[in-house]
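Residues per chain are reported as follows:
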Amino acid sequence: MLDRLWYGRSGWRWLLAPFALLFAIISGARRVAYRRGWLKSYQASLPVIVVGNLSVGGNGKTPVVVWLVEQLQARGLRPGVVSRGYGGKAPHYPYRLDATSTTALAGDEPVLIARRCGCPVVVAPKRSDAVRLLEQSGEVDIIITDDGLQHYALARDLELVVVDGVRRFGNGCLLPMGPLREPMTRLKRVDAIICNGGTPAQGEYPMALVAAAPRRVCDDAPLEAPLAGPVDALAGIGHPPRFFATLTGLGYELVESVGYADHQAFDRDELLARFDQRPLLMTEKDAVKCRAFAPDSWWYLPVSAELPASLLDSLLHSLKTARPGAGE
């Protein structure tokens with residue numbers, strides 16, 4: 001229903017205009033308060049890069065975080081990642097992930113990033129607490145915050161916004177009238193806009209998601225021979241149709257395609273009963289939640305962000321300008 005309201009031509013959205021106006025007043029006052037120093041932001045001793053969204057839903061933010069971590073590591077830097085840890089309930093905060101951390105403790109995206117990148121990852125509802133822990137560890141020299149564009153309690157050196165290149169900004173309205181957390185004028189203040197799919201607007205960096213061979217959910221073993229015949233698919237991400245379209249484009253014949261809510265905690269028995277007839281394909285983000293109980297016939301599709309090298313060069317140049325010695 002929200003998709004039709006936000007991304008269609010529904011006239012019903014005007015019924016929500018008073019609530020969108022209230023949201024605009026509250027969120028706008030908060031931005032001004034931080035900008036003018038009436039509310040204090042934590043200024044880290046290390047460079048901080050925020051990767052976030054202007055709109056709600058899945059725009060491809062996590063693949064950009066993974067790309068950025070891997071690119072910085074290739075340049076000899078030691079990045080760490082902080083996240084709110086949405087969907088997890090850790091025994092304490094800040095909570096640093098280790099090899100035993102589950103999605104129930106830390107959330108799905110932090111577990112995925114930690115497994116994929118092998119870098120320090122810390123979660124905390126108050127991101128400055130996570131940043132402090134990384135600063136004190138002495139293990140990192142640059143910090144990436146997964147989401148948090150609107151978390152103004154943490155000062156940042158650079159801001160990257162990821163845009164769904166197909167859905168763009170929907171009807172262009174603020175929540176709940178539309179999908180926007182902030183007005184589109186906010187884009188004038190960010191350092192880079194990344195367009196995931198579709199046609200980039202002027203000044204945006206193009207991004208493509210490149211799929212690798214499927215891997216088995218239970219043990220990460222690569223698929224040795226193509227899956228023959230029909231398959232099922234599930235996706236518990238912000239915009240499941242994008243994943244299903246990717247599978248169809250790769251030649252898979254989908255019988256049952258089931259979309260779940262983003263960050264949804266899966267019911268083991270429900271999934272095992274529902275997907276027991278055919279091989280099942282899912283996203284890597286879903287796989288970290290299913291690893292403990294997945295049968296051998298469940299597979300996930302790893303994807304990587306493909307971005308211009310000029311983006312990283314531009315970011316490092318901006319960091320050196322803002323903080324001499326950073327990015328070296």
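Rules used in this analysis
- Residues numbered from 1 in each chain as written.
- Predicted model: local features only at pLDDT ≥ 70, side-chain atom pairs only at ≥ 80, totals over all residues.
- Heavy atoms only, no water.
- UniProt positions renumbered as here; feature names shortened; annotations may be inferred.
- Pairing = 2+ DSSP bridges.
- Helix = DSSP H or I, 4+ residues; strand = E, 2+ residues; numbered from the N terminus.
- Phe/Tyr/Trp six-rings, centres within 6.5 Å; stacked < 30°, edge-to-face > 60°.
- Buried < 20%, exposed > 50% of the residue type's maximum accessible area, 1.4 Å probe, protein only.
- Contact = heavy atoms within 4.5 Å.
- Axes fitted to C-alpha atoms, helices over the stretch in contact; angles between N-to-C directions.

Going by what an unreviewed UniProt entry lists, the protein chain is known as Tetraacyldisaccharide 4'-kinase and is assigned to Aeromonas encheleia. Within the UniProt record for the protein chain, the comment given under Function (unreviewed entry) is "Transfers the gamma-phosphate of ATP to the 4'-position of a tetraacyldisaccharide 1-phosphate intermediate (termed DS-1-P) to form tetraacyldisaccharide 1,4'-bis-phosphate (lipid IVA)." The Sequence similarities (unreviewed entry) field of the UniProt record for the protein chain holds the comment "Belongs to the LpxK family."

## Section: the sheet that holds strand S12 (residues 280-283)
Spatially, the 5 strands line up as an open sheet ordered S9-S13-S12-S10-S11, and their pairing is mixed. Looking at the sheet topology across the chains shown, the edges are occupied by strand S9 (215-216) and strand S11 (254-259). Pairing geometry for strand S10 (residues 231-235) and S11, over 4 bridges, is parallel. The residue of S11 that forms the bridge with Leu234 is Val258.

## Observations regarding the packing of aromatic side chains
Counting across every chain of the model gives 4 aromatic pairs. A centroid spacing of 6.2 Å and a plane angle of 35° characterise the contact between Tyr34 and Tyr152, whose relative ring orientation is tilted. One end of the pair, Tyr34, is in helix H2 (residues 17-35); the other, Tyr152, is in the loop between strand S5 (142-146) and strand S6 (158-164), with 118 residues separating them in the sequence. Accessibility expressed as a relative area gives 18% for Tyr34, which makes it buried. A relative accessible area of 13% means that Tyr152 is categorised as buried. On the numbers, 6.1 Å between centres and 55° between planes, the contact of Phe243 with Phe244 is tilted. Overall, Phe243 belongs to the buried group, its relative accessible area being 7%. According to the relative accessible area criterion, Phe244 is buried, its value standing at 13%.

## A few points about the sheet that holds S6
If you trace the 9 strands from one edge of the open sheet to the other, you get S3-S4-S2-S5-S1-S6-S7-S8-S14, paired in mixed fashion. Lying at the two open borders of the sheet, with one neighbouring strand each, are strand S3 (95-96) and strand S14 (303-306). Helix H5 (residues 108-117) contacts strand S2 (79-83), strand S4 (121-123), S5 and S14 of the sheet and is inclined by roughly 165° relative to S4.

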